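For reference, the chains in residue letters:
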Amino acid sequence: MTASRNLLRCESCGTELDELDPRTSCPKCGGLLSLEIELPSERGAALRALFDARGSVGTIPESSDIGASGVWRFRELVLPQIPDKNVVTQWEGNTPLLQREAVARWANVPELMLKHEGHNPTGSFKDRGMTVAVSQAVRIGASAVSCASTGNTSASLAAYAALAGIPAIVLVPAGQVALGKLAQTLAYGARTLLVRGDFDDCLRLARESSERLGVYLANSINPFRIAGQTTIVLELLQQLGWRAPDWIVLPAGNLGNTAAFGAALRIARATGLIDSSPRLAAVQAEGAAPFARSFRSGFAERKSVRAETVATAIKIGDPASYERGVRAIRETNGVVLDVSDAEILEAKAVIDASGVGCEPASAASVAGARRLSKDGTISRGDRVVAVLTGHILKDPGILLDYHKDASRSMANTPIEIDAEISAVEGVLKHALSPSGSR
Ligand SMILES: *Cc1c(COP(=O)(O)O)cnc(C)c1O
Ligand SMILES: [Zn+2]
(Lines give C-alpha, C1' and ligand atoms only; values in the text may rest on other atoms or scores of the structure.)
(Ligands and ions follow the chains in the order given, each with its own letter.)
Protein backbone atom coordinates (compact mmCIF):
# COMPACT_ATOMS: atom_id res chain seq x y z
CA MET A 1 0.00 0.00 0.00
CA THR A 2 1.29 3.47 -0.80
CA ALA A 3 1.81 5.90 2.07
CA SER A 4 -1.20 8.11 2.62
CA ARG A 5 -0.70 11.84 2.32
CA ASN A 6 -3.97 12.63 4.07
CA LEU A 7 -4.21 12.72 7.85
CA LEU A 8 -6.52 13.32 10.77
CA ARG A 9 -5.57 16.20 13.05
CA CYS A 10 -7.01 17.13 16.45
CA GLU A 11 -8.47 20.61 16.28
CA SER A 12 -7.74 21.20 19.98
CA CYS A 13 -4.22 19.85 20.63
CA GLY A 14 -2.87 19.21 17.13
CA THR A 15 -2.30 15.45 17.58
CA GLU A 16 -1.97 13.74 14.20
CA LEU A 17 -3.43 10.35 13.34
CA ASP A 18 -3.12 8.28 10.21
CA GLU A 19 -6.02 8.62 7.80
CA LEU A 20 -6.79 4.92 8.32
CA ASP A 21 -7.04 5.21 12.12
CA PRO A 22 -10.48 3.97 13.26
CA ARG A 23 -10.83 6.53 16.06
CA THR A 24 -13.15 9.46 15.43
CA SER A 25 -12.04 11.75 18.26
CA CYS A 26 -8.62 12.66 19.65
CA PRO A 27 -7.14 9.87 21.81
CA LYS A 28 -5.15 12.43 23.83
CA CYS A 29 -7.68 15.15 24.65
CA GLY A 30 -11.03 13.96 23.25
CA GLY A 31 -11.08 16.87 20.79
CA LEU A 32 -12.63 16.86 17.33
CA LEU A 33 -10.57 15.48 14.46
CA SER A 34 -10.51 17.07 11.07
CA LEU A 35 -9.54 15.34 7.85
CA GLU A 36 -6.72 17.17 6.13
CA ILE A 37 -6.33 16.25 2.51
CA GLU A 38 -3.73 17.20 0.00
CA LEU A 39 -5.54 19.50 -2.41
CA PRO A 40 -5.28 18.71 -6.13
CA SER A 41 -2.73 20.56 -8.23
CA GLU A 42 -5.48 21.87 -10.54
CA ARG A 43 -6.85 25.25 -9.55
CA GLY A 44 -9.68 27.56 -10.59
CA ALA A 45 -10.94 27.02 -14.12
CA ALA A 46 -9.12 23.69 -14.55
CA LEU A 47 -10.75 22.26 -11.44
CA ARG A 48 -14.18 23.61 -12.39
CA ALA A 49 -13.79 21.97 -15.79
CA LEU A 50 -12.86 18.63 -14.17
CA PHE A 51 -16.03 18.63 -12.07
CA ASP A 52 -18.24 19.95 -14.86
CA ALA A 53 -17.00 17.19 -17.19
CA ARG A 54 -18.33 14.61 -14.75
CA GLY A 55 -21.75 16.12 -15.16
CA SER A 56 -23.95 18.04 -12.85
CA VAL A 57 -27.52 17.77 -11.72
CA GLY A 58 -29.83 16.77 -14.53
CA THR A 59 -27.38 14.83 -16.68
CA ILE A 60 -27.81 11.09 -16.93
CA PRO A 61 -24.94 9.29 -15.27
CA GLU A 62 -23.16 6.15 -16.43
CA SER A 63 -24.05 3.50 -13.89
CA SER A 64 -20.47 2.32 -13.56
CA ASP A 65 -19.07 5.75 -12.85
CA ILE A 66 -18.85 6.79 -9.21
CA GLY A 67 -18.27 10.33 -10.46
CA ALA A 68 -22.01 10.31 -11.18
CA SER A 69 -22.58 10.66 -7.43
CA GLY A 70 -23.09 14.25 -6.27
CA VAL A 71 -20.55 13.52 -3.56
CA TRP A 72 -17.86 11.52 -5.36
CA ARG A 73 -17.95 13.88 -8.33
CA PHE A 74 -15.88 16.11 -6.04
CA ARG A 75 -13.69 13.30 -4.71
CA GLU A 76 -10.43 15.28 -5.08
CA LEU A 77 -11.77 17.68 -2.45
CA VAL A 78 -13.46 15.05 -0.30
CA LEU A 79 -11.39 11.88 0.05
CA PRO A 80 -8.91 11.65 -2.81
CA GLN A 81 -7.14 8.37 -2.17
CA ILE A 82 -9.88 5.90 -1.35
CA PRO A 83 -9.86 2.93 -3.76
CA ASP A 84 -12.95 2.74 -5.99
CA LYS A 85 -13.73 -0.75 -4.71
CA ASN A 86 -14.33 0.62 -1.18
CA VAL A 87 -16.81 3.28 -2.23
CA VAL A 88 -20.38 2.64 -1.08
CA THR A 89 -22.63 4.87 -3.16
CA GLN A 90 -26.14 5.11 -4.54
CA TRP A 91 -25.70 8.36 -6.49
CA GLU A 92 -26.54 10.50 -3.52
CA GLY A 93 -26.51 14.26 -3.91
CA ASN A 94 -27.47 15.61 -7.34
CA THR A 95 -30.25 17.51 -5.60
CA PRO A 96 -32.18 20.33 -7.26
CA LEU A 97 -31.84 24.06 -6.72
CA LEU A 98 -35.40 25.34 -6.92
CA GLN A 99 -37.06 28.73 -7.13
CA ARG A 100 -40.60 29.10 -5.81
CA GLU A 101 -42.27 32.46 -6.13
CA ALA A 102 -44.62 31.96 -3.17
CA VAL A 103 -41.79 31.02 -0.82
CA ALA A 104 -39.63 33.94 -1.95
CA ARG A 105 -42.55 36.30 -1.44
CA TRP A 106 -43.29 34.96 2.03
CA ALA A 107 -39.65 35.33 3.05
CA ASN A 108 -39.44 38.74 1.38
CA VAL A 109 -36.28 37.59 -0.41
CA PRO A 110 -36.86 37.93 -4.17
CA GLU A 111 -33.67 36.08 -5.13
CA LEU A 112 -34.34 33.07 -2.89
CA MET A 113 -33.29 29.60 -4.06
CA LEU A 114 -34.01 26.32 -2.30
CA LYS A 115 -31.33 23.62 -2.32
CA HIS A 116 -33.47 20.55 -1.66
CA GLU A 117 -31.43 17.91 0.12
CA GLY A 118 -34.60 15.95 0.81
CA HIS A 119 -34.07 14.50 -2.68
CA ASN A 120 -31.26 12.27 -1.41
CA PRO A 121 -31.79 8.48 -1.42
CA THR A 122 -32.99 8.28 2.20
CA GLY A 123 -34.54 11.74 2.15
CA SER A 124 -31.96 13.91 3.90
CA PHE A 125 -28.51 15.43 3.41
CA LYS A 126 -27.13 12.87 5.86
CA ASP A 127 -26.56 10.55 2.88
CA ARG A 128 -23.76 12.80 1.64
CA GLY A 129 -21.82 12.32 4.84
CA MET A 130 -22.77 8.69 5.18
CA THR A 131 -21.54 7.55 1.78
CA VAL A 132 -18.08 8.79 2.80
CA ALA A 133 -18.14 7.52 6.41
CA VAL A 134 -19.38 4.06 5.44
CA SER A 135 -16.92 3.86 2.54
CA GLN A 136 -14.17 4.69 5.02
CA ALA A 137 -15.55 2.02 7.39
CA VAL A 138 -15.25 -0.52 4.56
CA ARG A 139 -11.77 0.74 3.71
CA ILE A 140 -10.47 0.20 7.25
CA GLY A 141 -12.29 -3.12 7.66
CA ALA A 142 -14.69 -2.04 10.44
CA SER A 143 -16.75 -4.93 11.83
CA ALA A 144 -19.79 -2.76 12.60
CA VAL A 145 -20.90 0.87 12.52
CA SER A 146 -22.97 2.88 14.99
CA CYS A 147 -24.43 6.30 15.65
CA ALA A 148 -26.67 8.35 17.89
CA SER A 149 -29.37 10.15 16.01
CA THR A 150 -32.49 12.27 16.03
CA GLY A 151 -33.60 10.02 13.16
CA ASN A 152 -32.11 11.01 9.83
CA THR A 153 -28.56 9.92 10.64
CA SER A 154 -29.84 6.53 11.76
CA ALA A 155 -31.94 6.10 8.60
CA SER A 156 -28.98 7.00 6.44
CA LEU A 157 -26.48 4.86 8.33
CA ALA A 158 -28.89 1.92 8.25
CA ALA A 159 -29.20 2.22 4.46
CA TYR A 160 -25.50 2.58 3.69
CA ALA A 161 -24.53 -0.18 6.13
CA ALA A 162 -27.02 -2.44 4.35
CA LEU A 163 -25.48 -1.50 0.99
CA ALA A 164 -22.04 -2.30 2.39
CA GLY A 165 -23.20 -5.49 4.10
CA ILE A 166 -21.98 -4.53 7.58
CA PRO A 167 -24.09 -4.45 10.75
CA ALA A 168 -25.35 -1.09 12.07
CA ILE A 169 -26.34 -0.19 15.63
CA VAL A 170 -28.24 3.03 16.23
CA LEU A 171 -29.28 4.85 19.41
CA VAL A 172 -32.26 7.17 19.23
CA PRO A 173 -34.27 8.95 21.95
CA ALA A 174 -37.40 6.90 22.71
CA GLY A 175 -40.61 8.58 21.61
CA GLN A 176 -38.85 11.55 20.03
CA VAL A 177 -38.09 10.35 16.52
CA ALA A 178 -40.33 11.31 13.59
CA LEU A 179 -42.28 8.35 12.26
CA GLY A 180 -40.74 8.19 8.77
CA LYS A 181 -37.21 8.16 10.15
CA LEU A 182 -37.81 5.41 12.66
CA ALA A 183 -39.69 3.32 10.12
CA GLN A 184 -36.82 3.64 7.60
CA THR A 185 -34.19 2.73 10.15
CA LEU A 186 -36.01 -0.47 11.07
CA ALA A 187 -36.73 -1.35 7.45
CA TYR A 188 -33.10 -0.96 6.33
CA GLY A 189 -32.21 -3.40 9.08
CA ALA A 190 -30.23 -1.50 11.72
CA ARG A 191 -30.25 -2.83 15.27
CA THR A 192 -32.26 0.00 16.84
CA LEU A 193 -32.02 1.00 20.49
CA LEU A 194 -34.73 3.32 21.84
CA VAL A 195 -32.98 5.15 24.67
CA ARG A 196 -35.04 6.55 27.53
CA GLY A 197 -33.31 9.91 27.38
CA ASP A 198 -32.64 12.69 24.91
CA PHE A 199 -30.31 12.97 21.91
CA ASP A 200 -27.46 14.22 24.06
CA ASP A 201 -27.73 11.04 26.17
CA CYS A 202 -27.70 8.94 23.00
CA LEU A 203 -24.53 10.60 21.74
CA ARG A 204 -22.74 10.05 25.05
CA LEU A 205 -23.69 6.36 24.99
CA ALA A 206 -22.71 5.96 21.34
CA ARG A 207 -19.28 7.47 21.97
CA GLU A 208 -18.63 5.33 25.04
CA SER A 209 -19.88 2.11 23.54
CA SER A 210 -17.98 2.54 20.29
CA GLU A 211 -14.76 2.97 22.25
CA ARG A 212 -15.39 -0.09 24.39
CA LEU A 213 -16.67 -2.36 21.65
CA GLY A 214 -14.48 -1.15 18.80
CA VAL A 215 -17.47 -0.20 16.64
CA TYR A 216 -16.86 2.50 14.01
CA LEU A 217 -18.70 5.67 15.04
CA ALA A 218 -20.53 7.43 12.21
CA ASN A 219 -21.85 10.47 14.07
CA SER A 220 -21.32 13.93 12.68
CA ILE A 221 -18.18 14.32 14.79
CA ASN A 222 -16.78 11.74 12.33
CA PRO A 223 -14.53 13.83 10.06
CA PHE A 224 -15.43 11.76 6.99
CA ARG A 225 -19.07 12.73 7.34
CA ILE A 226 -18.16 16.38 7.48
CA ALA A 227 -16.02 15.90 4.36
CA GLY A 228 -18.97 14.36 2.50
CA GLN A 229 -21.36 17.10 3.56
CA THR A 230 -19.07 19.78 2.09
CA THR A 231 -20.46 18.70 -1.28
CA ILE A 232 -23.83 20.35 -0.56
CA VAL A 233 -22.03 23.65 -0.97
CA LEU A 234 -19.72 22.52 -3.79
CA GLU A 235 -22.70 21.25 -5.76
CA LEU A 236 -24.79 24.38 -5.28
CA LEU A 237 -21.84 26.51 -6.38
CA GLN A 238 -21.54 24.33 -9.47
CA GLN A 239 -25.27 24.73 -10.15
CA LEU A 240 -24.83 28.49 -9.99
CA GLY A 241 -22.07 28.30 -12.61
CA TRP A 242 -19.53 28.84 -9.81
CA ARG A 243 -20.95 32.29 -9.13
CA ALA A 244 -21.21 32.38 -5.33
CA PRO A 245 -24.47 33.59 -3.78
CA ASP A 246 -24.45 36.32 -1.13
CA TRP A 247 -25.89 34.10 1.58
CA ILE A 248 -26.31 30.43 2.39
CA VAL A 249 -28.90 29.82 5.11
CA LEU A 250 -29.15 26.47 6.88
CA PRO A 251 -30.82 24.89 9.92
CA ALA A 252 -28.37 24.18 12.74
CA GLY A 253 -28.58 21.51 15.43
CA ASN A 254 -25.44 19.56 16.21
CA LEU A 255 -23.50 21.95 13.92
CA GLY A 256 -21.97 19.21 11.77
CA ASN A 257 -23.45 20.79 8.69
CA THR A 258 -22.49 24.32 9.71
CA ALA A 259 -18.95 23.03 10.13
CA ALA A 260 -19.08 21.29 6.75
CA PHE A 261 -20.30 24.45 5.02
CA GLY A 262 -17.45 26.43 6.58
CA ALA A 263 -14.96 23.79 5.41
CA ALA A 264 -16.46 23.74 1.90
CA LEU A 265 -16.12 27.49 1.50
CA ARG A 266 -12.55 27.36 2.84
CA ILE A 267 -11.66 24.70 0.25
CA ALA A 268 -13.55 26.44 -2.55
CA ARG A 269 -11.59 29.63 -1.96
CA ALA A 270 -8.25 27.85 -1.48
CA THR A 271 -8.63 26.05 -4.80
CA GLY A 272 -9.94 29.08 -6.67
CA LEU A 273 -13.35 27.54 -7.40
CA ILE A 274 -14.84 30.84 -6.23
CA ASP A 275 -13.20 34.15 -5.37
CA SER A 276 -15.62 35.60 -2.86
CA SER A 277 -17.27 33.72 -0.03
CA PRO A 278 -20.99 33.76 0.70
CA ARG A 279 -21.95 34.55 4.27
CA LEU A 280 -23.40 31.70 6.33
CA ALA A 281 -26.56 32.09 8.39
CA ALA A 282 -27.16 29.24 10.85
CA VAL A 283 -30.74 29.05 12.10
CA GLN A 284 -31.77 27.32 15.32
CA ALA A 285 -35.15 26.70 16.90
CA GLU A 286 -35.91 29.04 19.79
CA GLY A 287 -36.18 26.17 22.28
CA ALA A 288 -32.90 24.61 21.13
CA ALA A 289 -30.68 27.60 20.53
CA PRO A 290 -27.44 27.28 22.52
CA PHE A 291 -25.36 28.30 19.48
CA ALA A 292 -27.45 31.41 18.82
CA ARG A 293 -27.05 32.39 22.47
CA SER A 294 -23.29 31.95 22.28
CA PHE A 295 -23.22 34.01 19.08
CA ARG A 296 -25.06 36.87 20.77
CA SER A 297 -22.33 36.94 23.42
CA GLY A 298 -19.68 37.12 20.69
CA PHE A 299 -18.94 33.41 21.28
CA ALA A 300 -17.55 34.42 24.69
CA GLU A 301 -18.79 31.15 26.13
CA ARG A 302 -20.18 27.83 25.03
CA LYS A 303 -23.77 27.28 26.18
CA SER A 304 -25.98 24.25 26.51
CA VAL A 305 -29.72 23.98 27.07
CA ARG A 306 -32.40 21.34 27.54
CA ALA A 307 -33.78 21.30 24.00
CA GLU A 308 -37.47 21.64 23.14
CA THR A 309 -38.88 22.15 19.62
CA VAL A 310 -41.23 20.59 17.07
CA ALA A 311 -38.26 20.43 14.70
CA THR A 312 -36.85 17.17 16.05
CA ALA A 313 -33.84 17.10 13.68
CA ILE A 314 -32.44 20.19 15.38
CA LYS A 315 -33.61 19.38 18.89
CA ILE A 316 -30.11 19.36 20.31
CA GLY A 317 -29.03 21.10 23.50
CA ASP A 318 -25.26 20.69 23.44
CA PRO A 319 -23.92 20.75 19.87
CA ALA A 320 -20.99 18.37 19.38
CA SER A 321 -19.33 20.38 16.60
CA TYR A 322 -19.46 23.65 18.54
CA GLU A 323 -15.86 24.83 17.90
CA ARG A 324 -16.06 23.98 14.22
CA GLY A 325 -19.34 25.83 13.99
CA VAL A 326 -17.81 28.93 15.57
CA ARG A 327 -14.96 28.80 13.05
CA ALA A 328 -17.38 28.52 10.13
CA ILE A 329 -19.39 31.53 11.28
CA ARG A 330 -16.30 33.63 12.00
CA GLU A 331 -14.58 32.81 8.70
CA THR A 332 -17.62 33.70 6.62
CA ASN A 333 -18.65 36.79 8.57
CA GLY A 334 -21.75 34.76 9.29
CA VAL A 335 -24.65 35.09 11.70
CA VAL A 336 -26.56 32.75 14.01
CA LEU A 337 -30.19 33.33 14.90
CA ASP A 338 -33.17 31.48 16.27
CA VAL A 339 -36.79 31.34 15.15
CA SER A 340 -39.92 30.19 16.98
CA ASP A 341 -41.72 26.92 16.35
CA ALA A 342 -44.67 28.97 15.06
CA GLU A 343 -42.43 30.61 12.44
CA ILE A 344 -40.97 27.22 11.48
CA LEU A 345 -44.43 25.74 11.00
CA GLU A 346 -45.64 28.73 9.00
CA ALA A 347 -42.59 28.59 6.73
CA LYS A 348 -43.11 24.87 6.33
CA ALA A 349 -46.75 25.30 5.38
CA VAL A 350 -45.73 27.80 2.67
CA ILE A 351 -42.97 25.52 1.35
CA ASP A 352 -45.31 22.52 1.40
CA ALA A 353 -48.16 24.35 -0.35
CA SER A 354 -45.73 25.48 -3.07
CA GLY A 355 -45.44 21.82 -4.08
CA VAL A 356 -41.89 21.44 -2.80
CA GLY A 357 -42.36 20.33 0.80
CA CYS A 358 -39.83 19.62 3.53
CA GLU A 359 -39.57 18.37 7.09
CA PRO A 360 -39.98 20.86 9.98
CA ALA A 361 -36.28 21.48 10.73
CA SER A 362 -35.63 22.33 7.09
CA ALA A 363 -38.17 25.13 7.16
CA ALA A 364 -36.08 26.90 9.82
CA SER A 365 -33.79 28.06 7.01
CA VAL A 366 -36.60 29.86 5.17
CA ALA A 367 -38.00 31.26 8.44
CA GLY A 368 -34.48 32.49 9.20
CA ALA A 369 -34.14 34.11 5.77
CA ARG A 370 -37.36 36.01 6.41
CA ARG A 371 -36.09 37.28 9.76
CA LEU A 372 -32.80 38.39 8.22
CA SER A 373 -34.61 40.20 5.44
CA LYS A 374 -36.88 41.89 7.96
CA ASP A 375 -34.03 43.19 10.11
CA GLY A 376 -32.03 44.29 7.06
CA THR A 377 -29.17 41.80 7.43
CA ILE A 378 -30.10 40.34 4.05
CA SER A 379 -30.37 43.23 1.59
CA ARG A 380 -32.83 43.48 -1.25
CA GLY A 381 -31.26 41.93 -4.32
CA ASP A 382 -29.03 39.57 -2.33
CA ARG A 383 -28.88 36.10 -3.85
CA VAL A 384 -29.80 33.68 -1.08
CA VAL A 385 -29.71 29.89 -1.02
CA ALA A 386 -31.77 28.29 1.76
CA VAL A 387 -31.00 24.63 2.32
CA LEU A 388 -33.97 22.30 2.79
CA THR A 389 -32.35 19.49 4.71
CA GLY A 390 -35.03 16.78 4.71
CA HIS A 391 -38.04 15.39 2.86
CA ILE A 392 -41.66 16.22 3.67
CA LEU A 393 -42.53 12.57 4.40
CA LYS A 394 -39.97 12.25 7.16
CA ASP A 395 -42.50 13.60 9.63
CA PRO A 396 -46.02 12.66 8.53
CA GLY A 397 -47.37 12.93 12.08
CA ILE A 398 -46.78 16.66 12.28
CA LEU A 399 -48.38 17.14 8.85
CA LEU A 400 -51.60 15.48 9.88
CA ASP A 401 -51.71 17.30 13.22
CA TYR A 402 -51.31 20.61 11.40
CA HIS A 403 -53.82 20.04 8.63
CA LYS A 404 -56.49 18.50 10.86
CA ASP A 405 -56.35 21.59 13.08
CA ALA A 406 -58.68 24.11 11.44
CA SER A 407 -57.28 26.95 13.60
CA ARG A 408 -53.94 26.78 11.71
CA SER A 409 -53.55 29.55 9.15
CA MET A 410 -52.93 27.22 6.20
CA ALA A 411 -54.74 24.11 7.43
CA ASN A 412 -56.18 21.99 4.63
CA THR A 413 -58.61 19.89 6.61
CA PRO A 414 -59.81 16.64 5.07
CA ILE A 415 -63.56 16.29 4.59
CA GLU A 416 -65.21 13.00 5.39
CA ILE A 417 -68.34 12.24 3.37
CA ASP A 418 -70.88 9.48 2.78
CA ALA A 419 -70.16 7.34 -0.28
CA GLU A 420 -72.72 9.19 -2.42
CA ILE A 421 -72.36 11.41 -5.48
CA SER A 422 -74.54 14.11 -3.91
CA ALA A 423 -72.07 14.43 -1.07
CA VAL A 424 -69.17 14.80 -3.55
CA GLU A 425 -71.13 17.40 -5.51
CA GLY A 426 -71.98 19.33 -2.37
CA VAL A 427 -68.32 19.64 -1.45
CA LEU A 428 -67.07 20.38 -4.98
CA LYS A 429 -69.63 23.12 -5.62
CA HIS A 430 -68.43 24.83 -2.50
CA ALA A 431 -64.71 24.26 -3.24
CA LEU A 432 -64.91 25.44 -6.87
CA SER A 433 -66.88 28.61 -6.19
CA PRO A 434 -64.64 31.71 -6.11
CA SER A 435 -65.02 32.30 -2.38
CA GLY A 436 -65.39 28.68 -1.43
CA SER A 437 -61.84 27.43 -1.49
CA ARG A 438 -60.30 27.46 1.95
C1 LIG B 1 -29.27 16.55 10.86
C2 LIG B 1 -30.28 17.50 10.40
C3 LIG B 1 -30.19 18.89 10.66
C4 LIG B 1 -29.14 19.48 11.53
O5 LIG B 1 -27.83 19.35 11.07
P6 LIG B 1 -26.63 19.44 12.11
O7 LIG B 1 -25.45 19.01 11.35
O8 LIG B 1 -26.96 18.54 13.26
O9 LIG B 1 -26.54 20.87 12.57
C10 LIG B 1 -31.15 19.71 10.12
N11 LIG B 1 -32.17 19.23 9.37
C12 LIG B 1 -32.28 17.92 9.11
C13 LIG B 1 -33.44 17.44 8.29
C14 LIG B 1 -31.35 17.01 9.61
O15 LIG B 1 -31.50 15.71 9.35
ZN1 LIG C 1 -6.40 16.46 20.98
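As a reminder, the structure under discussion sits directly above these lines.
Please read these numbers as outputs of a predicted model, since none were measured by experiment. (Residues numbered from 1 in each chain as written. Chains lettered and ligands numbered in written order. Predicted model: local features only at pLDDT ≥ 70, side-chain atom pairs only at ≥ 80, totals over all residues. Heavy atoms only, no water.)

J.: Can you break down the pattern of salt bridges residue by residue, with the values?
T.: Scanning all chains against the criterion turns up 24 salt bridges. We note a salt bridge from Glu-323 to Arg-302, for which the minimum N-O separation is 3.7 Å. Taken together, the positions of Glu-323 in helix 11 (residues 322–331) and Arg-302 in the loop between helix 10 (290–296) and helix 11 put the pair 21 residues apart, joining distant regions of the chain. Judged by its relative accessible area of 38%, Arg-302 is partly exposed. (Salt bridge = Lys/Arg side-chain N within 4 Å of Asp/Glu carboxyl O. Helix = DSSP H or I, 4+ residues; strand = E, 2+ residues; numbered from the N terminus. Buried < 20%, exposed > 50% of the residue type's maximum accessible area, 1.4 Å probe, protein only.)

J.: Break down the side chain of Ser-149 for me, citing the residues and quoting the values.
T.: Along the chain, Ser-149 falls in the loop between strand 6 (145–148) and helix 5 (152–164). On the basis of relative accessibility, which here comes to 1%, the residue Ser-149 falls in the buried class. Looking at Ser-149, its side chain comes within polar contact range of the main-chain nitrogen of Ser-154, at 3.0 Å. Apart from the residues within four sequence positions on either side, Ser-149 is in contact with Ser-154, Leu-171, Val-172, Pro-173 and Phe-199. (Polar contact = N/O pair within 3.5 Å; in protein donor to acceptor, adjacent residues only side chain to side chain. Contact = heavy atoms within 4.5 Å.)

J.: Could you give me a rundown of the sheet that holds strand 9 (residues 216–217), with the residues and numbers involved?
T.: Ordered in space as 8-7-6-9, the four strands form an open sheet in which the pairing is parallel. What marks the edges here is a single partner per strand, and that holds for strand 8 (191–195) and strand 9. Both strand 6 and strand 7 (residues 168–173) contribute to a ladder of four bridges, which runs parallel. Paired with Ser-146 across the two strands is Ile-169, which belongs to strand 7. Contacts between helix 5 and the sheet are confined to strand 6 and strand 7, with strand 6 contributing the most and set at about 170° to the helix. (Pairing = 2+ DSSP bridges. Axes fitted to C-alpha atoms, helices over the stretch in contact; angles between N-to-C directions.)

J.: Pulling in residues and values, what's your account of the pairing of strand 12 (residues 335–339)?
T.: The buried fraction of strand 12 amounts to five of the five residues, a majority that puts the element mostly inside the structure. Burial along strand 12 is two-sided: Val-335, Leu-337 and Val-339 and Val-336 and Asp-338, pointing in opposite directions, are all buried. The pairing of strand 11 (residues 279–285) with strand 12 spans five bridges and is parallel. Within the sheet, the bridge partner assigned to Ala-281 lies in strand 12 and is Val-335.

J.: Go over the sheet that holds strand 5 (residues 112–116) with me, naming the residues and quoting the values.
T.: With respect to topology, six strands assemble into an open sheet ordered 4-5-13-10-11-12, the strand pairing being mixed. Lying at the two open borders of the sheet, with one neighbouring strand each, are strand 4 (97–98) and strand 12. Judged from the three bridges that link them, strand 10 (residues 247–251) and strand 13 (residues 384–388) form a sheet pairing that is parallel. For Ile-248, the partnering residue across the bridge sits in strand 13 and is Val-385. Running at roughly 130° to strand 5, helix 8 (residues 223–239) makes contact with strand 4, strand 5, strand 10 and strand 13 of the sheet.

J.: Provide a residue-level description of the site of ligand 1, including the pertinent values.
T.: Contacts to ligand 1 come from 15 residues, most closely from Lys-126, Asn-152, Gly-253, Asn-257 and Thr-389. At 2.8 Å from an oxygen atom of ligand 1 is found a main-chain nitrogen or oxygen belonging to Gly-253. With respect to ligand 1, the backbone of Asn-254 contributes an N or O atom lying 2.8 Å from an oxygen atom. Calculation on ligand 1 without its partners gives an accessible area of 380 Å², and the protein chains cover 97% of this total. Split into classes, the residues belonging to the shell around ligand 1 amount to six nonpolar, seven polar and two charged. (Near = heavy atom within 4 Å. Areas by Shrake-Rupley, 256 points an atom, 1.4 Å probe, with all protein chains shown as cover. Nonpolar A, V, L, I, M, F, W, Y, C, P; charged D, E, K, R; others polar.)

J.: For helix 8, give the residues involved together with the corresponding values.
T.: When the terminal C-alpha atoms of helix 8 are compared, their 25 Å separation across 17 residues agrees well with the 24 Å that a helix rising 1.5 Å per residue should span. Helix 8 sits mainly inside the fold: 16 of its 17 residues count as buried. Two to three positions downstream of the cap, the backbone nitrogen of Phe-224 sits 2.7 Å from a side-chain oxygen, assigning the N-cap of helix 8 to Asn-222. One or two positions beyond helix 8, positive phi appears at Gly-241, with a value near 65°. (Expected span 1.5 Å × (residues − 1).)

J.: I'd love a proper account of unusual backbone geometry, names of residues and values included.
T.: A positive phi angle is found at Trp-242, which is not glycine, with a value near 65°. Using a relative accessible area of 10% as the deciding quantity, one classes Trp-242 as buried. In this structure, Leu-255 is a non-glycine residue whose phi angle is positive, near 75°. Structurally, Leu-255 is set in the loop between strand 10 and helix 9 (256–270). Look at Leu-255 and you get buried, because its relative accessible area is 2%.

J.: Go over the packing of helix 5 against helix 6 (residues 179–188), please, and point to the residues and values.
T.: For the pair helix 5 and helix 6, the least separation of the axes is 8 Å and the interaxial angle reads 20°. When the axes of helix 5 and helix 6 are compared, the pair comes out roughly parallel. The way helix 5 lies across helix 6 gives a crossing that is left-handed. Note on element contacts: helix 6 touches helix 5 through Lys-181, Gln-184, Thr-185 and Tyr-188, opposite Asn-152, Ser-154, Ala-155, Ala-158, Ala-159 and Ala-162. Split into classes, the residues belonging to the contact of helix 5 with helix 6 amount to five nonpolar, four polar and one charged. (Parallel < 35°, antiparallel > 145°, perpendicular 65-115°, else oblique. Left-handed = near helix turned anticlockwise from the far one by under 90°.)

J.: Can you explain the coordination of the zinc ion (ligand 2)? Please cite residues and give values.
T.: Those donors, Cys-10 (SG), Cys-13 (SG), Cys-26 (SG) and Cys-29 (SG), are the protein atoms that reach the zinc ion (ligand 2), and they lie 2.3 Å from it. Angles of 102 to 116° at the metal separate the four donor atoms of the zinc ion (ligand 2), which places the site in the tetrahedral class. Here the donor residues of the zinc ion (ligand 2) share one chain and are spaced in sequence as C-x2-C-x12-C-x2-C. Linking Cys-13 in the loop between strand 1 (7–10) and strand 2 (16–18) with Cys-29 in the loop between strand 2 and strand 3 (33–36), this pair joins segments that are 16 residues apart in sequence. Taking relative accessible area as the criterion, Cys-13 reaches 42% and is therefore assigned partly exposed. On the accessibility criterion, Cys-29 (42% relative accessible area) is partly exposed. (Donors = N, O, S within 2.8 Å, 3.2 Å for Na, K, Ca; no water. Tetrahedral: all angles 85-135°; square planar, octahedral: opposite > 155°, others 65-115°.)

So, to be careful, I would describe these as geometric facts and stop short of saying anything about function.
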